[in-house]
Amino acid sequence: MSKQDPTKLDTQAVEAYLAANLPGFEGPLHAEKFNVGQSNPTFRLITPRQNYVLRRKPPGVLLKSAHAVDREFRVQKALYETDVPVTKVHLLSEDDDVIGSMFYIMDEVQGRHFNLPALPELAKEDRYAIHDEMSRVLAAIHGVDLEATGLSDYGPTGNYYERQIGRWTKQYRASETDKIPAMDELIDWLANNIPEDDGLRTLAHGDYRIDNMLFEKDAPRVAAVLDWELSTTGHPYADVAAVIMQWSMPGDANSRGLAGIDRKAEGLMTDEEFLESYCRRAGIPGIDRFGFYLAFTFFRMAGIIQGVYKRALDGNASNPERAKQMGAAVPKFAEAGLNAAKTV
């Protein structure tokens, strides 16, 4: 078995590692790869006593600061037993010799996973509460006491958007495969329209959307927020805009949005209702210049997708075919970002 194949896992090496390092672990171990997730390959570890989840960096040459599973481990450990629902993490291995890349082990959370924000598997009268719960948990993330949780140094200080635009521009250029005029224009616009620093500095998830959550089986309540790879300390409005960005996408299985759906008729929140719900819980009157934050999230998502596409071309993607399909969407995200910029 090649340690350089992101779809494979050396279960013998994992079992030996857990037997030596995880109290109470008992084999034998069987692994199943989750099909969701493009960035960090994720596996269910099945044992006679309980199931765990292993999340690893993909093998191969990676962009600097990408695939930060060590940061995912740290933030979830810090948030466990706070108002932010996360799974319990156990071990972080920074030794590439174990399975070929860094990884961490956490409990598997039993819950409902919704891939589409339209929530077609639920009755119409049950959908609104799920979206409202999303706003509650997002406000809880932004309300985390950074000092009490030991996360005050989890991200740099200073203007969050200036830092993020610089970072993702570099990431995008490093994985650029074709010139996309709309992306170049969006990068220039964002760099020239950064709002003044308003002093807000909170924990930010970085990829907050419904398919990165698990919900309780019998209640509209989040059991765990997943995929903390892009989390940092930064500005909260980017997370809020990320929800609205996702909902603006087409409502198919690939784009996972709400565009073209009669939300009132389907029992779903409108953008305005989500923003009002979040702002009420966050204790703020509203969000000025929301178009900037929305344009920024389109830009960052375009950068993320471009990186996934480049890894597919290089043979390091977790789901190569899906990654190549996603790559075709980069110009569309850039154009949507330019459209959002016009609303500022």
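A. The sheet that holds strand β3 (residues 51–56), seen in detail. Pairing in this open sheet of 5 strands is antiparallel, and the strands run β1-β2-β3-β5-β4 from one edge to the other. If you trace the sheet from one side to the other, it starts and ends with β1 (30–33) and β4 (89–93), each paired once. Between one strand axis and the next, the sheet turns by 25° as a mean value, whatever way the strands run. Where β3 lies against strand β5 (residues 103–107), 5 bridges are found, and the strand directions are antiparallel. Among the inter-strand pairings, R55 is bridged to a residue of β5, identified as Y104. Each of β1, β2 (42–46), β3, β4 and β5 is contacted by helix α1 (residues 11–21), which is oriented at about 115° to β4, the strand it contacts most. In the packing of helix α2 (residues 69–79) onto the sheet, contacts are made with β3, β4 and β5, and the angle to β4 comes to roughly 155°.

B. Spatial organisation of the environment of V109. Here V109 is to be found in the loop between β5 and α3 (127–142). Each residue touching V109, except ones within four places of it in the same chain, is listed here: T87, L214, A223 and A224.

C. View of the packing of helix α9 (residues 290–314) against helix α10 (residues 320–327). Between α9 and α10, whose axes approach to 8 Å, the crossing angle comes to 130°. Between α9 and α10, the crossing angle belongs to the class labelled oblique. Here the hand of the crossing between α9 and α10 comes out left-handed. Here I305, V308, Y309 and A312 of α9 lie close against α10, whose contacting residues are P320, A323, K324, M326 and G327. In terms of residue class, the contact of α9 with α10 is made up of 7 nonpolar, 1 polar and 1 charged.

D. Region of the structure containing helix α6 (residues 237–247). Summarising burial for α6: 11 of the 11 residues are buried, a large majority. Considered for burial, the residues of α6 that qualify are Y237, A238, D239, V240, A241, A242, V243, I244, M245, Q246 and W247.

E. Seen up close, the packing of aromatic side chains. Under the definition given, this model contains 15 aromatic pairs. Seen in terms of ring centroids, F298 and F333 are 6.2 Å apart; in terms of plane orientation they differ by 55°. Their pairing is tilted. Separated by 35 residues along the polypeptide, F298 in helix α9 and F333 in helix α11 (residues 330–341) bring together distant segments of the chain. F333 matches F298 in its accessibility class, with the two residues each being buried. Of the aromatic side chains, those joined through ring pairs into one cluster are Y160, Y161, W189, Y237, F292, Y293, F296 and F299. Across from the ring centre of Y154, 3.9 Å away, lies the NZ or CZ of R71, which sits over that ring.

F. Expanded view of the environment of A16. Its location among the elements puts A16 in helix α1. For A16, a relative accessible area of 48% gives the class partly exposed.

G. Layout of the nonpolar core. By size, the foremost hydrophobic cluster in this structure holds 79 residues, and its most contacted members are L79, Y161, L203, W228, F274, F299 and F333. Element by element, the count of residues in this core is highest for α9, at 13 residues. Among residues more than four places away in sequence, those in contact with W228 are E72, V75, Q76, L79, V84, V86, I141, Y154, L203 and H205.

H. The packing of helix α4 (residues 160–175) against α9, seen in detail. Viewed as axis vectors pointing N to C, α4 and α9 meet at an angle of 30°, and their least axial separation amounts to 9 Å. Taken together, the axes of α4 and α9 lie roughly parallel to each other. As for the relative orientation of α4 and α9, their crossing is left-handed in sense. Counted together, Y160, Y161, Q164, I165, W168, T169, Y172 and S175 of α4 and F292, Y293, F296, F299, R300, G303, I304, Q306, G307 and K310 of α9 form the full contact between these two elements.

What counts and what doesn't
Residues numbered from 1 in each chain as written. Predicted model: local features only at pLDDT ≥ 70, side-chain atom pairs only at ≥ 80, totals over all residues. Heavy atoms only, no water. Pairing = 2+ DSSP bridges. Helix = DSSP H or I, 4+ residues; strand = E, 2+ residues; numbered from the N terminus. Axes fitted to C-alpha atoms, helices over the stretch in contact; angles between N-to-C directions. Contact = heavy atoms within 4.5 Å. Parallel < 35°, antiparallel > 145°, perpendicular 65-115°, else oblique. Left-handed = near helix turned anticlockwise from the far one by under 90°. Nonpolar A, V, L, I, M, F, W, Y, C, P; charged D, E, K, R; others polar. Buried < 20%, exposed > 50% of the residue type's maximum accessible area, 1.4 Å probe, protein only. Phe/Tyr/Trp six-rings, centres within 6.5 Å; stacked < 30°, edge-to-face > 60°. Lys NZ or Arg CZ within 6 Å of the ring centre and 35° of its normal. Core = buried A, V, L, I, M, F, W, Y, C linked by side-chain atoms within 4.5 Å.

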